[in-house]
Amino acid sequence: MSFLRACSLADLAEDTPKRVELNGVPVSIVRTEGEVFAINDICSHANVSLSEGEVEDCAIECWLHGSSFDLRTGKPSGLPATKPVPVYPVKIEGDDVLVSVYQES
């Protein structure tokens, strides 16, 4: 599995998504509940940026229609979205947040 540097921990405010692009893949990086998560930044329902939404209870909400996606699994918690979005492995090295977009989970 190959990891790319997405940002530094210092760049991440608690419960505030940060959009990055890694090898052409839009990714939302979220620091919440003591962990850092990486989820595909595009809502599976409406093709809009999830990083513009709010984070609560380890989920990110799409700002357009209100679907929430679990940051651990990518699964939607309710309509209108029915398809999960990819989540990516994250590791922390020093102050660097590394993400692998090559192997989706």
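Residues numbered from 1 in each chain as written. Predicted model: local features only at pLDDT ≥ 70, side-chain atom pairs only at ≥ 80, totals over all residues. Heavy atoms only, no water.

**Q** Mind showing me how you'd approach a negative patch on the surface here?
**A** A grouping of Glu14, Asp15, Glu33, Glu35, Glu54, Glu56, Asp57 and Glu61 is seen on the molecular surface, where their side chains present a negatively charged patch. Looking at the secondary structure, you find Asp57 in the loop between strand 5 (55-56) and strand 6 (59-61). Of the residues examined, Asp57 reaches a relative accessible area of 62% and is grouped as exposed. (Patch = residues over 30% accessible without salt bridge, like charges linked within 9 Å, V, L, I, M, F, W, Y side chains within 5 Å. Areas by Shrake-Rupley, 256 points an atom, 1.4 Å probe, with all protein chains shown as cover. Salt bridge = Lys/Arg side-chain N within 4 Å of Asp/Glu carboxyl O. Lys, Arg positive; Asp, Glu negative; His and termini not counted. Charge placed at Lys NZ, Arg CZ, Asp CG, Glu CD. Helix = DSSP H or I, 4+ residues; strand = E, 2+ residues; numbered from the N terminus. Buried < 20%, exposed > 50% of the residue type's maximum accessible area, 1.4 Å probe, protein only.)

**Q** Sorry, what's going on with the sheet that holds strand 3 (residues 25-32) here?
**A** Strand pairing in a sheet relies on backbone hydrogen bonds, with the paired strands running either antiparallel or parallel. Read from one edge of the open sheet, 4 strands run 2-3-4-8, paired in antiparallel fashion. Of all the strands in the sheet, just strand 2 (18-22) and strand 8 (87-88) have a single pairing partner and so form its edges. Looking at chain direction, strand 3 and strand 4 (residues 35-40) are connected through 6 bridges and run antiparallel. The residue bridging Ile29 from the neighbouring strand is Ala38, located in strand 4. (Pairing = 2+ DSSP bridges.)

**Q** I tried to follow the pairing of strand 2 on my own but got confused; where do I start?
**A** Successive side chains on a regular strand alternate, one facing one side of the sheet and the next facing the other. Two elements, strand 2 and strand 3, share 5 bridges in a ladder whose sense is antiparallel. Within strand 3, the residue paired with Lys18 across the bridge is Ile29. Here strand 2 folds back onto strand 3 in antiparallel fashion, the turn holding 2 residues, of which Asn23 has a positive phi close to 50 degrees.

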